[in-house]
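A structural walkthrough
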Amino acid sequence: MKALKFKLISNKEVLIDEESTYYIKDNVINFKINNELYNYNLENNILIKTNKESKITIDFENYNIIIEILNNNLMFNMEILEYTIHIENNKISIKYKYLGEEETQNNIFIEY
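A brief report on the enclosed structure follows. Numbering of residues begins from 1 in every chain and follows the order in which that chain's sequence is written. Restriction of local features to residues with pLDDT of at least 70 applies here, the model being predicted, together with a cutoff of 80 or more for giving and counting side-chain atom pairs; totals for whole chains, interfaces and linings are based on all residues. For side-chain calculations, the full set of non-hydrogen atoms in the structure is used, while hydrogens and water are omitted.

**Considerations on the overall build of the protein**
- Going along the chain from the N terminus, every DSSP run of H or I of four or more residues is numbered as a helix, and every run of E of two or more is numbered as a strand. Broken down by element type, the protein carries zero helices and ten strands.
- Along the protein, from the amino end to the carboxyl end, the secondary structure elements read β-β-β-β-β-β-β-β-β-β.
- A compact globule built from 112 residues should have a C-alpha radius of gyration of about 13 Å, and the protein, at 14 Å, falls within 12% of that.
- The buried label applies to any residue whose accessible area, calculated with a 1.4 Å probe on protein chains only, is under 20% of its type's maximum; exposed applies above 50%, and partly exposed to all values in between. In the protein, which comprises 112 residues, the proportion classed as buried is 36%.
- Whether two residues are in contact is decided by their heavy atoms, any of which lying within 4.5 Å being enough. Residue pairs in contact within the protein that sit at least 24 positions apart in sequence constitute 22% of those at least 6 positions apart.
- Areas reported here follow the Shrake-Rupley algorithm with a probe of radius 1.4 Å; residue values treat only the protein chains shown as occluding. Of the roughly 7300 Å² of accessible surface on the protein, 44% is carried by carbon and sulfur atoms.
- Counted as positive: Lys and Arg. Counted as negative: Asp and Glu. His and the chain ends are not counted at all. In this description, the location of a charge corresponds to atom NZ of lysine, CZ of arginine, CG of aspartate or CD of glutamate. Positive and negative side-chain charges in the protein, numbering 12 and 18 respectively, have mean positions lying 6 Å apart. In this treatment the radius of gyration is a C-alpha quantity, and the globule benchmark scales as 2.2 Å times the residue count to the 0.38 power.

Structure, rendered in structure tokens:
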């Protein structure tokens, strides 16, 4: 399998900086980091992170983050305040802000 680099920086703190194997099916990059499954749709810029307890769907184009708590069938929405996405030569750079308990800025870098 091929190798993918994934980095998540939240409010200037590196939370994830990992390398993983990946595959692409139906224009979706699929990979796993720390027992969490990630899917990034290259066509509509939707990132999904799934683990045993929850599923987080980040729909950039619709400015929406959906958090699903799987055990309790609970769902929460948060608005994305702003975002930028740059895709070039198998490198994806995403910057976005959302308002939770406080305003948070995340930077995601995917290189595949």
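Let us keep going from here.
**Considering the environment of Asn27**
- Position of Asn27 among the secondary structure elements: in the loop between β2 (13–25) and β3 (28–33).
- A residue is classified by how much of its surface remains accessible, and Asn27, at 32% relative accessible area, is partly exposed.
- Along the chain, Asn27 and Tyr40 lie 13 residues apart, while their C-alpha atoms are 8.5 Å from each other.
- Those residues in contact with Asn27, other than ones at most four positions away along the chain, are Tyr40, Asn41, Leu42 and Glu43.

**Let's talk about the layout of surface pockets**
- By volume, the largest pocket is sized at about 300 Å³.
- A 1.4 Å probe that fits into a set of points on a 1 Å grid over the protein atoms alone but cannot get out defines a cavity; an open set with protein on both sides within 12 Å along at least five of seven lines defines a pocket, and lining residues are those with an atom within 4 Å of a point. Looking at the largest pocket, it is lined by 17 residues, and the ones nearest its centre are Lys49, Ile56, Ile58, Tyr96 and Asn106.
- Contributing elements (two or more residues each) for the lining of the largest pocket: β1 (2–10), β5 (46–50), β6 (54–59), β7 (64–69), β9 (91–99) and β10 (103–111).
- When residues are grouped by polarity, Ala, Val, Leu, Ile, Met, Phe, Trp, Tyr, Cys and Pro land in nonpolar, Asp, Glu, Lys and Arg in charged, and all others, Gly among them, in polar. Tallied by class, the residues present in the lining of the largest pocket amount to 13 nonpolar, three polar and one charged. Grid points are joined across faces, edges and corners, and a volume is the space filled by probe spheres set on the points.

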